[in-house]
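Each chain is listed here by its residues.
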Amino acid sequence: MVRHVVKHNGHGPVSETVFLILLSLAETPRHGYAILQDVEALTEGRVKLSTGTLYGALRRLLDDGSIRRFAEADPSRDRQAYELTGRGRELVAAEVHRMNHLTATAQARLAGREA
């Protein structure tokens, strides 16, 4: 698996793993297992995160303010849910912008013209 790391407008590096976790949370708050399932579905089974990778990334995202804990409606369940913050949405948007630019450049190169 190729890992890319980029800086966005003062935001920290964004790996594919972090991007996919943030993208999963962009739709709705989720708990850890739901994030694992959603990432696998988003990537059509290409990316299967380990729980260690997921929870390490969630800790870093909590620390940098990209996500926050979300109080679920049923507190009797012993699990923690997370939701995206404004900073997290900005981070996802910046990465989507970067990918769109990269894709346009690649398409232009393949067509034999400059982007």
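Right above here is the structure, for reference.
Residues numbered from 1 in each chain as written. Predicted model: local features only at pLDDT ≥ 70, side-chain atom pairs only at ≥ 80, totals over all residues. Heavy atoms only, no water.

Quick word on the overall build of the chain
And step 1. Scanning the chain from terminus to terminus reveals four helices and three strands.
And step 2. Traced from its N-terminal end to its C-terminal end, the chain shows the element sequence α-β-α-α-β-β-α.
And step 3. Put simply, the chain has 115 residues, and 37% of those count as buried.
And step 4. Contacts spanning at least 24 positions in sequence make up 44% of the contacts within the chain whose residues lie at least 6 apart.
And step 5. Carbon and sulfur atoms make up 51% of the accessible area of the chain, which totals about 7400 Å². (Helix = DSSP H or I, 4+ residues; strand = E, 2+ residues; numbered from the N terminus. Buried < 20%, exposed > 50% of the residue type's maximum accessible area, 1.4 Å probe, protein only. Contact = heavy atoms within 4.5 Å. Areas by Shrake-Rupley, 256 points an atom, 1.4 Å probe, with all protein chains shown as cover.)

Re the pairing of strand β3 (residues 81–84)
And step 1. Side chains of β3 alternate between two faces, with Ala81 and Glu83 and Tyr82 and Leu84 buried alike.
And step 2. Both strand β1 (residues 30–31) and β3 contribute to a ladder of two bridges, which runs antiparallel. Residue His31 lies in a different strand from β3, and its bridge partner there is Ala81.
And step 3. The pairing of strand β2 (residues 67–70) with β3 spans four bridges and is antiparallel. The residue bridging Arg69 from the neighbouring strand is Tyr82, located in β3. (Pairing = 2+ DSSP bridges.)

Let's talk about the nonpolar core
A general trend in soluble globular proteins is that nonpolar side chains are found buried together.
And step 1. Counting 22 residues, the largest nonpolar core has Ile21, Leu22, Ile35 and Ile67 as the members making the most contacts within it.
And step 2. Elements represented by at least two residues in this core include exactly α1 (16–27), α2 (32–42), α3 (51–63), β3 and α4 (86–110).
And step 3. When residues in this core are grouped by element, the largest group, six residues, is from α1.
And step 4. Setting aside its immediate chain neighbours within four residues, Ile35 contacts Ile21, Ser24, Leu25, Arg30, Leu54, Leu58 and Tyr82. (Core = buried A, V, L, I, M, F, W, Y, C linked by side-chain atoms within 4.5 Å.)

Topic: the sheet that holds β1
And step 1. Spatially, β1-β3-β2 is the arrangement adopted by the three strands of the open sheet, whose pairing is antiparallel. Taken across any chain shown, the strands that pair with only one partner, and hence form the sheet edges, are β1 and β2.
And step 2. Against the sheet, α1 touches β1, β2 and β3, its axis set at about 90° to β3. (Axes fitted to C-alpha atoms, helices over the stretch in contact; angles between N-to-C directions.)

Some details on the packing of α2 against α3
And step 1. α3 packs onto α2 with a crossing angle of 110° between their chain directions and a minimal axis gap of 11 Å. Here α3 runs roughly perpendicular to α2, going by the angle between their axes. Taken as a pair, α2 and α3 cross one another with a handedness that is right-handed. Note on element contacts: α3 touches α2 through Thr51, Leu54, Tyr55 and Leu58, opposite Gly32, Tyr33, Ile35 and Leu36.
And step 2. Looking at the contact of α2 with α3 residue by residue, the class counts come to six nonpolar, two polar and no charged. (Parallel < 35°, antiparallel > 145°, perpendicular 65-115°, else oblique. Left-handed = near helix turned anticlockwise from the far one by under 90°. Nonpolar A, V, L, I, M, F, W, Y, C, P; charged D, E, K, R; others polar.)

Focus: the environment of Glu83
And step 1. With respect to the element layout, Glu83 can be found in strand β3.
And step 2. Sequence separation between Glu83 and Arg69 is 14 residues; the distance between their C-alpha atoms is 6.3 Å.
And step 3. In contact with Glu83, not counting residues within four places along its chain, are Pro29, Ser66, Ile67, Arg68, Arg69 and Phe70.
And step 4. At 2.8 Å, the side chain of Glu83 forms a polar contact with the side chain of Arg68. (Polar contact = N/O pair within 3.5 Å; in protein donor to acceptor, adjacent residues only side chain to side chain.)

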